[in-house]
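Secondary and tertiary structure notes
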Amino acid sequence: MPAQNSFDIACLESEALQRLFHETTSYVQNITIQMIADRKGNRSQEEHPATTIGLIVQRPVIQIADWLGEEERIEAIAHELAHLLLVYRSGLGVVGRRIPRPGDSEGVFRFFMSMKGDWIYLLGQIPNTAHHLILLDFLKQEYGIEDDLHTYLLHQNFRVAANDNARDRESQYGLGLVAFEYERLIGKFGRAIDMDDRSEFFWEAYRLAHKYFGRYDFRSTPTAVSYQEDILSFLEALGYPREDFIFFPE
Ligand SMILES: [Zn+2]
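In this text, all values refer to a predicted model and were calculated from it rather than measured experimentally.

Locating Leu154 in the fold gives a position in helix α5 (residues 148–162). C-alpha separation for the pair Leu154 and Gly96, spaced 58 residues apart in sequence, amounts to 23 Å. In contact with Leu154, other than residues within four places in its own chain, are Val178, Glu181, Tyr182, Leu185 and Ile186.

Structure follows, in structure tokens:
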């Protein structure tokens, strides 16, 4: 990969964004922002013009697509910074699968049997959805930043994902979570996708998301302990052993 230049947010001339950046760097230093040409997500049809890498090693790199307009760049960077605040200030980290210890033959078996599942989609979506219920309001109320870009992308990507027929159990759970997020942030999800041919996996995750994350919002941000407990309970209710999962940063 070619070297990427870091992007200076000062050129966006947003006082709110600069304040948010300073607030975030008081919890995690070494934040880099990069403009990336033609950024594409790992699911080809979905649009993901912004992301953050390096969370686990505490050296976050925010990457945003260079085709975003100025206002969208402000929203996209603010959105990623708010994710970082939730991780490093509030302790609401990301969740991954624990790689079983050598010798734990049952664990190793389970790990490899479920490798084909789209775990990245499901496990990525859980903290994302939980964060979004909090951070959109946080940005609006504390910084006066309306994250229209997120709402737009949520609508677009939800429709794309719902039309993808080759979806396994983990992806359908992930989609159920997105439907829950859609309802909380936009409105009835039947506006965006056809509700009739959704699988029982989809509905199960949708119902459990309401149960475990329904109370999340800016005014009631969970503690790190209850957040982890909610996620593990959610995964357990979907049929996965809770000891298979681990949170980052530890
Ligand atoms: Zn996000």
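Having seen the model, we can carry on.
In this section: the sheet that holds strand β2 (residues 50–53). Spatially, β1-β3-β2 is the arrangement adopted by the three strands of the open sheet, whose pairing is mixed. Edge positions in the sheet fall to β1 (32–36) and β2, since each of these pairs with one other strand and no more. Mean inter-strand twist for the sheet, computed between neighbouring axes without regard to direction, equals 25°. Bridging between β2 and strand β3 (residues 61–65) involves four bridges; their strand directions are antiparallel. Counted as the bridge partner of Thr52 is Ile62 from β3.

Take the coordination of the zinc ion next. Looking at the metal site, the zinc ion is ligated by His79 (NE2), His83 (NE2) and His132 (NE2), spaced 2.0 to 2.1 Å from it. Sequence spacing of the donors to the zinc ion: H-x3-H-x48-H. Residue His79 and its partner His83 are located together in helix α2 (residues 70–88), separated by four residues, close to a single helical turn. The buried category is assigned to His83, whose relative accessible area is 11%.

Reading guide: rules and limits
Residues numbered from 1 in each chain as written. Predicted model: local features only at pLDDT ≥ 70, side-chain atom pairs only at ≥ 80, totals over all residues. Heavy atoms only, no water. Helix = DSSP H or I, 4+ residues; strand = E, 2+ residues; numbered from the N terminus. Contact = heavy atoms within 4.5 Å. Pairing = 2+ DSSP bridges. Axes fitted to C-alpha atoms, helices over the stretch in contact; angles between N-to-C directions. Donors = N, O, S within 2.8 Å, 3.2 Å for Na, K, Ca; no water. Buried < 20%, exposed > 50% of the residue type's maximum accessible area, 1.4 Å probe, protein only.

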